[in-house]
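# Residue-level structural notes
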Amino acid sequence: MLDYVVMGMVIDREMTGYDIKKEVENTIGNFYRANYGRLYPALSKLADKGYLTMNEQMQGKRLKKYYKTTELGKTAFLEWLSAPVDFTMSGDAHLTQIFFYGELPKEVRNKKLQEYELFVEQKLQQLQNIAKMFPDDDMDEKDYFGISTLYYGLQDAHNMLRWLKFIRTQKPFSQFLRTQRSGKGIM
């Protein structure tokens, strides 16, 4: 996935490897863990394949390498972005694709978000079915914490659905900020 993240980061502007690393940390770093030991080999490989251009510039006494996505790279990146989301990735790494959805045409983006909503709705249904198997009371303390993780999953799925509906409707960002500042959450 690192290759696509790199191409996405430099799709509109030139950046150094260091700038790419910082941009990843400051944007998708909360849900995507990049292996930075692989960053510079990935940059070289992508440039060799023609997916990135590399422009060397002297800054003071240092030679810096700037990378930017080529048309060939953009095509490969958009193919990845349009592909089905891989929900088997660990953690929330699948959010990496959504981060870049602004590069997709609106109709493709909406279709992808609806597919994601359907997946989350199915996951929610599975969790609700599991929850029905547990008694409403008389739970022993040992089971409490195991069941609390089920509760977390249910809340997480509900929150994900609200968030997906919010971004799919593309409500003004100012509305999102107001809901966050008020502590009321999305919608």
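Presented here is an overview of the structure given in this document.

Criteria and cut-off values
- Residues numbered from 1 in each chain as written.
- Predicted model: local features only at pLDDT ≥ 70, side-chain atom pairs only at ≥ 80, totals over all residues.
- Heavy atoms only, no water.
- Patch = residues over 30% accessible without salt bridge, like charges linked within 9 Å, V, L, I, M, F, W, Y side chains within 5 Å.
- Areas by Shrake-Rupley, 256 points an atom, 1.4 Å probe, with all protein chains shown as cover.
- Salt bridge = Lys/Arg side-chain N within 4 Å of Asp/Glu carboxyl O.
- Helix = DSSP H or I, 4+ residues; strand = E, 2+ residues; numbered from the N terminus.
- Buried < 20%, exposed > 50% of the residue type's maximum accessible area, 1.4 Å probe, protein only.
- Axes fitted to C-alpha atoms, helices over the stretch in contact; angles between N-to-C directions.
- Parallel < 35°, antiparallel > 145°, perpendicular 65-115°, else oblique.
- Contact = heavy atoms within 4.5 Å.
- Nonpolar A, V, L, I, M, F, W, Y, C, P; charged D, E, K, R; others polar.
- Core = buried A, V, L, I, M, F, W, Y, C linked by side-chain atoms within 4.5 Å.
- Left-handed = near helix turned anticlockwise from the far one by under 90°.

### Digging into a nonpolar patch on the surface
A grouping of Ile130, Met133 and Phe134 is seen on the molecular surface, where their side chains present a nonpolar patch of about 290 Å² in accessible area. Structurally, Ile130 can be placed in helix H6 (residues 106–131).

### Things to note about the environment of Arg178
Among the structural elements, Arg178 can be located in helix H8 (residues 173–182). Here Arg178 falls in the exposed class, since its relative accessible area comes to 52%. Residues Arg178 and Leu150, 28 residues apart in the sequence, show an inter-C-alpha distance of 30 Å.

### Comments concerning the packing of helix H1 (residues 2–9) against helix H3 (residues 39–49)
Pairs of packed helices are described in terms of their axes, by the angle between the two and the distance that separates them. Packing of H1 against H3 leaves a shortest axis separation of 10 Å and a crossing angle of 75°. In terms of orientation, H1 and H3 fall into the roughly perpendicular class. Judged by residue contacts, Leu2, Asp3, Val6 and Met7 of H1 engage Leu39, Ala42, Leu43, Lys45 and Leu46 from H3. Its residues placed into classes, the contact of H1 with H3 shows seven nonpolar, no polar and two charged.

### Comments concerning the nonpolar core
Counting 39 residues, the largest nonpolar core has Val6, Ile20, Val24 and Leu52 as its most contacted members. In terms of residue count, the dominant contributor to this core is helix H7 (residues 141–168) (six residues). Once residues lying within four places of it in the same chain are set aside, the contact partners of Val6 are Ile20, Leu39, Leu43, Leu46 and Leu52.

### Let's talk about the packing of H6 against H7
Running from N to C, H6 and H7 point in directions that differ by 160°, and their axes come no closer than 9 Å. The pairing of H6 with H7 is recorded here as roughly antiparallel in orientation. Along this stretch, H6 crosses H7, giving a crossing that reads as left-handed. For the contact of H6 with H7, a count of residues per class yields 15 nonpolar, five polar and six charged.

### Quick look at the environment of Ile28
Note that Ile28 resides in the loop between helix H2 (17–26) and H3. Residues Ile28 and Phe100, 72 residues apart in the sequence, show an inter-C-alpha distance of 10.0 Å.

### Examining the side chain of Glu117
Tracing the backbone through its elements, the reader meets Glu117 in helix H6. When neighbours within four sequence positions are excluded, Glu117 is seen to be in contact with Leu161, Leu164, Lys165 and Arg168.

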